[in-house]
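Coordinate inspection notes
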Amino acid sequence: MSAPGPAPNPRRPIGAARAAATVFVKEAVDALRDRRTLLLTLFGSVVSGPLILMLLFKLISSEIDRAEQLKLPVIGAERAPALIAFLERERVKIEAVPEDFQAKIRSGEIEVVLEIDEKFADDVAAGRAARLRLYYDESRQRTGTTTRAVRGLLRAFAGLWGDQRLALRGIAGDVGQPLAVDVVNLATPQQSGSQTLTILAFYAVFATLLGGVASAADSTAGERERGTLPVLLSAPVGAGAVIFGKWLAVALLACAVLVLTLTGFYLTLQYGPVPKVGIPFVFGAREYGGFLLVLAPLGCCFAAILVSLGALGRTFKEAQTNSQILITVVALLPVVQMFQFGKEPDWLKWVPVNGHFHLLGRILRGDGIAVGDWLASGALPLAIVVVALLCAARNLKAHA
């Protein structure tokens, strides 16, 4: 009769890859079970991006329409019939002015009012500069388009009138204009429209970041608060494998939000009822793929930092508070870049978020991007992933 073999060890270590895969599946199932949070995250990324685009194009279209169909209240229109005739030829609708027009300008009911001075005719007859007054409220942003358009028309009328005065005296109009400036715009149509589409880059980055906030906090501090994390760590698996599996789940959700956001932008600009504004807005398959290549490593980086910040918290609320640190930093970095004039320095491509915004802008402009720039946009985020996961594993063991 043979001797009995050794009893099986219930604490036999599990392989790190198998443990990470098990944790990943668990976190993915938990995310699918929390349908309310999942639907809000995914549905928000699908709807809010195209909605912002439509509102933006609607605003641009309305500003163009307002500039083309000016309505100008005029005080004393009978004092300058030539000026009024010029404005009407330029499709400006002359309107009467209410008595309390200054109060209406301050309240936003009227954008701009033109007053023709009582001595306008006398000044013209004497060869003096005739006086006009333009009333507007500079603090109201929507009045800027109309005010600039009116001032441009008045300058055009003044130039025409000055040439006629010189001609009556036998002097060529060019005498009063010693410089002839020819403006040459080197921007391609796609580059002209890329400035407006910069909002796509901002929104895509923040959608990728916010897509993993709730999941990261729930899978770390949330499980610690519910008491399930200590049970998970009591199994014969390393904290690194546990963190790696949780990071995979958060990164997958963040990348899913990124794909849905970019798909919404693509479908809206390709097939949506976008108002015609006379500027080409290009976001095709090339731009879609470029955005995905640039932002996918950044999304993985965000997920790792969020998991690390979540591992520091003892409660779900504390983890969410920690996540605000990352959100604040990501929001401030592009603002700092706005105060830098001239060409961006070469080292900018190595700075997370700022370098990615720079690359996304070049993609929208249709500029070529060197292979080294692509590698730089992914090298540092992936290095941050390693460091953040190591810190998260250490914090997880320390607070277990």
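Residues numbered from 1 in each chain as written. Predicted model: local features only at pLDDT ≥ 70, side-chain atom pairs only at ≥ 80, totals over all residues. Heavy atoms only, no water.

1. Re the side chain of His-356
Along the chain, the position of His-356 falls in helix H14 (residues 354–365). Using a relative accessible area of 2% as the deciding quantity, one classes His-356 as buried. Beyond its immediate stretch of four places on either side in the chain, His-356 contacts Val-294, Leu-298, Val-351, Ser-377 and Pro-381. (Helix = DSSP H or I, 4+ residues; strand = E, 2+ residues; numbered from the N terminus. Buried < 20%, exposed > 50% of the residue type's maximum accessible area, 1.4 Å probe, protein only. Contact = heavy atoms within 4.5 Å.)

2. A few points about the state of the cysteines
Counting across every chain of the model gives 0 disulfides. Take Cys-300: it sits in no disulfide, and the sulfur closest to it among the cysteines is that of Cys-255, at 4.3 Å. Relative accessible area serves as the criterion here: at 17%, Cys-300 is assigned to the buried category. Note on Cys-301: no disulfide assigned, nearest cysteine sulfur contributed by Cys-300 at a separation of 8.8 Å. (Disulfide = S-S within 2.5 Å.)

3. Comments concerning the confidence of the model for the protein
Per-chain confidence: the protein averages 79 in pLDDT, with 79% of residues scoring 70 or above. Of the regions scoring below 50 in pLDDT, residues 1–12 engages in 4 contacts with residues more than four places distant in sequence or in other chains. (pLDDT = per-residue confidence, 0-100.)

4. What about the pairing of strand E1 (residues 71–75)?
Taken across its 5 residues, E1 has 4 buried, putting it largely inside the fold. Note that E1 and strand E2 (residues 93–95) share 3 bridges and pair parallel. By the bridge assignment, Lys-71 is partnered in E2 with Lys-93. Inspection of the sheet shows E1 paired to strand E3 (residues 112–116) by 2 bridges, in the parallel sense. Within E3, the residue paired with Ile-75 across the bridge is Glu-115. (Pairing = 2+ DSSP bridges.)

5. Let's talk about the packing of aromatic side chains
Counted under the stated rule, the structure contains 9 aromatic pairs. Aromatic pair Tyr-203 and Phe-265: ring centres 5.8 Å apart, planes at 70°, arrangement edge-to-face. With Tyr-203 in helix H8 (residues 198–210) and Phe-265 in helix H11 (residues 239–271), this residue pair connects regions lying 62 residues apart in the sequence. Through a chain of ring-to-ring contacts, three or more aromatic side chains come together here, namely Phe-86, Phe-120, Phe-157 and Trp-161. (Phe/Tyr/Trp six-rings, centres within 6.5 Å; stacked < 30°, edge-to-face > 60°.)

6. Describing the pattern of salt bridges
Two side chains bearing opposite charge may form a pair once their charged atoms approach each other closely. In the structure shown here, the tally under the stated rule is 7 salt bridges. As a salt-bridge pair, Asp-117 and Arg-133 come within 3.1 Å of each other at their nearest N and O atoms. With Asp-117 in the loop between E3 and helix H5 (120–125) and Arg-133 in strand E4 (residues 132–136), this pair connects stretches of sequence that are 16 residues apart. Accessibility expressed as a relative area gives 13% for Asp-117, which makes it buried. One connected set of salt bridges, linked through shared partners, spans Glu-115, Asp-117 and Arg-133. (Salt bridge = Lys/Arg side-chain N within 4 Å of Asp/Glu carboxyl O.)

7. Description of the pairing of E3
Of all 5 residues making up E3, 5 are buried, and the element is well covered by its neighbours. Residues of E3 alternate between two faces, with Val-112, Leu-114 and Ile-116 on one and Val-113 and Glu-115 on the opposite face, all of them buried. Bridging between E3 and E4 involves 5 bridges; their strand directions are antiparallel. Across the sheet, the residue bridging to Glu-115 is Arg-133, located in E4.

8. As for the environment of Thr-268
Tracing the sequence through the fold places Thr-268 in helix H11. You can call Thr-268 buried: its relative accessible area is 8%. Taking the C-alpha atoms as reference points, Thr-268 and Leu-51, separated by 217 residues in sequence, lie 9.0 Å from one another. One polar contact links the side chain of Thr-268 to the main-chain carbonyl oxygen of Gly-264, over a distance of 2.7 Å. (Polar contact = N/O pair within 3.5 Å; in protein donor to acceptor, adjacent residues only side chain to side chain.)

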